[in-house]
Structure formats: structure tokens, C-alpha cells
Amino acid sequence: MPNPDAKAPFAPASTALLTAEDEVARICGELIRIDSSNYGDDSGPGERAAAEYVMAELAEVGLEAELLESRPGRATVVLRVEGADASRPGLAVHGHLDVVPATAADWQVDPFAAEERDGCIWGRGAVDMKDMDAMILANLRELARSGARPARTTTFVFFADEEAGGVHGSHWLVDRHPHWFEGVTEAVSEVGGYSVTVPTPDGERRAYLLQTAEKGILWLRLHAHGRAGHGSVPNDENAIVRLAAAIGRIAAHEWPREYIASVRQLLDGLSTLTQQPYAAGLDPLLATLGGAQGFVRGTLQDTANVTMLDGGYKHNVIPQSASAAVDCRFLPGHEEALLGTIRELAGEHVEVEVVHRDIALEAPWAGSLVESMKQSLLRADPGATVLPYCLSGGTDNKALASLGITGYGFAPLRLPADLDFAPMFHGIDERVPVDSLRFGARVLGDFLRTC
């Protein structure tokens, strides 16, 4: 088995090198064509086929990675590459190989065909996150071909199971194989470093949103209990009615706002850039972000959204139980308060079960790594600005935090002003521009060489 402490082998430099920019679109499309849908219950195809693809692409250029399975089919790929200055603290660069499911009938194209249309690659995972996987893999191949090394010793990981909380991926690897992260102090991954085009007094300008925080996760299931009976007979203990009442109370609850540091820094920076004050109200300022405002609105307070329902088994039977899934996301320090509020809103006849929970994160908007990410973006797009933001969702950086690793979101993409990008995460007709992929591969490569 490969030794994580060993120097990864590199092929000799070639006079005719393929660059990461040359390969990134091909790799992204080929990854999308591998269905790695994660249904959250082990019923999907798993990540094994995608992991084997990654292994083959690495082996072709002389890189020997390790494929690890937490259970059959749930595969993670990991590789450590020695840096130009091995005395510096290590870095982790990671992506995930699983994607959320897609219903083909809802899409304009086959979600697993990676069709290229209008300058974009369409398909499930194009933005979450086989685009970043392709950037990482393309840069590893370029490094191997050229004989170059990243600035810091870097652990590259392609995780399983991120879309279901990382139980069979990042958390499993951290718990069972922490040696892969020895010496690592910082990490970069998804949902940061993409551009939004905002209006300013001097015309439109690109701002890149670099992720420095993410909300915590509480996935809950509500179980309502009542009295079974005939559908024709009045019943004041109807479990479905009790569940519906609880859902109504949760949906109507107004969660108080609190601006954590990353949110305040984003709003202040955006206000300065656009000359749009927000003391009297946030809506005009947030509107300057276009589709990305949804992510930002989700970080202004805790949230709770009902996502699945299960109740009843026949039209003329009142069931004795019914359940609902609730996706709750909390700001740092709010976990217990949110859970207490949900239990109170659920009421006496509805039990609240915690299905999955994970921490909130907040990293400093300062330091050499942050400066390296900013400068890599600005070297490629000198007229832009870079702002911090908090992610309303979560990433595998949560698992790495248990090892003391500080995580950021940095999957750089320069996007067209008219592309409604952020709503494509877990959305329909997910797609990424080819030019944006090439830009991202170039910026990520610059970052790896200079960080």
C-alpha cells in the first residue's frame, strides 16, 4: 500500500506539456458521465467508479494514490505530494465525488451526458462539485508531467459521501486514517472563489466570494403520534394533522438575525463596492448579488426547512403516526438554542429525532493562505475585488476541523454576469462554462505553486 509519508513519484518534464487548462473540461465531462448519485441511504451507485477514474488519471502520469472504501462501493481517493518547502505546514485540497440525485425528466438535457451547449458543460455535478474535482485532478497531472511541486506538502483527497454528511467519506477517513493529515493545518475545498458581477458607480465589477465560514447542520425527523381509525370517523388525535400543525409552526417561526463576522465583512465590503448603504434595509444591497443572494440570505439567521414527508398507507385509514424531515442550519454557537426552539414548536405530540448533526465553522479573513487565494484570483482578474462570505450549507471541512485544520472554500470560477450560478447547486439544468473551468484550473494551479 502507498505510504502517505513517501514522496509521490513524478514523470520527467516533457517538452510538449499538456496544461491543466487543456485538460480540465475533458476531465469534468468524463466525471459527470459517471453517475455517483448519493440518495443518503446507500441505495445509489456509490463513488467507486468515479474513484477508479481518478486513480487511472493519476496513474497515467505516474502518481500512485490510494483508494479506500468505508464500505463496498463507498470510495475515497487520497494522495500526498511533497512540497517545494517541506518544512512548512501542510495543506489539504479536497473535493467530493458524489452528487445529489437528478430526475432526467426535469432537465433540458440528460443530467449524466455532460452535453456541451452554449459554451457550458451541462450535468449533475457540473458545479457541485465535479468542476473542482476536475481542476484538482488536471493540476495534479500538470504537476506530474512538469516535475514541479506545490509550494507546501499537500494532501489531495476526493471524498465519498459529502452529500449525506460525510459519514462514509470525510468523517470516516478522519476517524480511521488520520495519518493522511499529519502536519496539515489548513484546507481548501468547494463553494468559494466564484465571481458575481455587481453594479458600482463606475460600472459593473466582478467580486469573488471566498468562503470563510459555514453554518452547522442539524438534520431532524419529526415523528407525530396519534390514534388510528377509520377515515369516515371524526378523530381529534390524527397524527397527520398534528404533524401538519407542527410544520406550520416551524415554517412560520421568525428566526432572529445575527450578523457573524464573515457576514458583516461581506455586507460592509459589498456596500463600499456598490455604494449601496444597508442601515435602513438589506434588500437593495442583497439584490446586487443576483442569484447568489440566496446563499447570503441563508446566513443571516438560523433556518429550518421541511424537505420530506411520510404518513398514511390507505385513503380511508387515519394512521397512528406520520413523520417529516427537517433540514436545520445554525450559526456558530446556536446549535442547542435551535434544537430547543424546534422541540418547543413541534409540540407535545411530536417527537424530534436528531438524524445527523455537524458543527458550524468560522475561519479568519486574514493570514498568508487567505492572501495567497486573493492574489491568485487578482493576478488572473486584476480589476476584481475579493470578499469573504459564509456558506449557508456545509462542506467536508467540518470533518477536517476535528483535526484542528482550518478550512476555506476556494473553487475559483470567473462567471458570465448573466449566469444565475448559485441556484444551480442541487438545482435543475446545472452547468458550468468551459471558459470558467479553464480560468479556475489556471488560478488553482497558481495558488498551489505560490501558497
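Residues numbered from 1 in each chain as written. Predicted model: local features only at pLDDT ≥ 70, side-chain atom pairs only at ≥ 80, totals over all residues. Heavy atoms only, no water.

Here we look at the packing of aromatic side chains
In this structure the tally under the stated criterion is 6 aromatic pairs. Measuring from ring centre to ring centre gives 6.1 Å for Y194 and Y389, while their planes differ by 80°; the resulting arrangement is edge-to-face. Of this pair, Y194 sits in strand β8 (residues 194–200) while Y389 sits in strand β17 (residues 385–391), and the two are 195 residues apart along the sequence. Across the pair, exposure class does not vary: Y194 and Y389 are buried alike. Each ring, one from Y194 and one from F421, has its centre 5.4 Å from the other, and the planes form 50°; the classification is tilted. A residue pair is termed long-range when its members are at least 10 positions apart, and Y194 in strand β8 and F421 in the loop between β18 (406–409) and β19 (431–433) qualify at 227 residues. Here Y194 and F421 have matching classes, each one buried. Three or more aromatic residues joined by ring pairs make a cluster, and in this case those are Y194, F295, Y389, F421 and F425. (Phe/Tyr/Trp six-rings, centres within 6.5 Å; stacked < 30°, edge-to-face > 60°. Helix = DSSP H or I, 4+ residues; strand = E, 2+ residues; numbered from the N terminus. Buried < 20%, exposed > 50% of the residue type's maximum accessible area, 1.4 Å probe, protein only.)

What about the confidence of the model for the protein?
With 96% of its residues at a pLDDT of 70 or more, the protein has an overall mean of 94. In the model, residues 5–15 has pLDDT below 50 throughout and makes 27 contacts with residues more than four positions away in sequence or in other chains. (pLDDT = per-residue confidence, 0-100. Contact = heavy atoms within 4.5 Å.)

Quick look at helix α12 (residues 434–450)
With 17 residues, α12 should cover 24 Å at 1.5 Å per step; its first-to-last C-alpha distance of 25 Å lies within 8% of that length. Most of α12 is tucked away: 12 of the 17 residues are buried. Among the residues of α12, those classed as buried are V434, S436, L437, F439, G440, A441, V443, L444, G445, D446, F447 and L448. (Expected span 1.5 Å × (residues − 1).)

Here we look at the side chain of S170
Position of S170 relative to the elements: it lies in helix α4 (residues 170–176). Judged by relative accessible area, S170 falls into the buried class, the value being 1%. In contact with S170, not counting residues within four places along its chain, are F159, A160, D396 and A399.

Concerning the pattern of salt bridges
Oppositely charged side chains can pair when the atoms bearing their charge come close. Enumeration according to the criterion identifies 28 salt bridges in this entry. In this structure, E115 engages R117 in a salt bridge whose closest nitrogen and oxygen atoms are separated by 3.2 Å. Taking relative accessible area as the criterion, E115 reaches 31% and is therefore assigned partly exposed. Given a relative accessible area of 27%, R117 falls into the partly exposed group. Shared partners join several salt bridges into a network, and the residues in it are E23, R26, E30, E57, E60, R141 and R145. (Salt bridge = Lys/Arg side-chain N within 4 Å of Asp/Glu carboxyl O.)

Comments concerning the nonpolar core
Counting 96 residues, the largest nonpolar core has V54, L58, L140, Y194, M373, F410 and F447 as the members making the most contacts within it. With near-sequence residues (within four places) excluded, F447 lies in contact with L91, V188, L369, S372, M373, S376 and F410. If you look at the next biggest cluster of nonpolar residues, it comprises 24 residues, including L222, A239, A246 and L339. (Core = buried A, V, L, I, M, F, W, Y, C linked by side-chain atoms within 4.5 Å.)

Here's the deal with the sheet that holds strand β4 (residues 116–117)
By definition, the strands of a sheet pair up through backbone hydrogen bonds, in either a parallel or an antiparallel sense. Taken in spatial order, the 3 strands line up as β4-β5-β19 in an open sheet, and their pairing is antiparallel. Unpaired on one side and paired on the other, β4 and β19 mark the two borders of the sheet. Relative to strand β5 (residues 120–122), β4 runs antiparallel, the two being bridged by 2 bridges. Each residue of the ladder has a partner; that of R117, found in β5, is C120. Packing of α12 onto the sheet brings it into contact with β4, β5 and β19, and relative to β19 it is tilted by some 70°. (Pairing = 2+ DSSP bridges. Axes fitted to C-alpha atoms, helices over the stretch in contact; angles between N-to-C directions.)

Considering the environment of A207
Locating A207 in the fold gives a position in strand β9 (residues 203–214). Relative accessible area serves as the criterion here: at 1%, A207 is assigned to the buried category. Along the primary structure A207 and R152 are separated by 55 residues, whereas in three dimensions their C-alpha atoms are 27 Å apart. Those residues in contact with A207, other than ones at most four positions away along the chain, are Y194, S195, V196, L273, T385 and L387.

Examining unusual backbone geometry
What you tend to see is this: most non-glycine residues have negative phi, and most peptide bonds are trans. Residues D128 and M129 are joined by a peptide bond in cis, for which omega reads -15°. With a phi close to 55°, D118 is a non-glycine residue in the positive phi region. Relative to the helices and strands, D118 resides in the loop between β4 and β5. Judged by relative accessible area, which is 70%, D118 ranks as exposed. Even without glycine at this site, D429 takes up a positive phi of about 60°. Tracing the backbone shows D429 in the loop between β18 and β19. For D429, a relative accessible area of 10% corresponds to the buried category.

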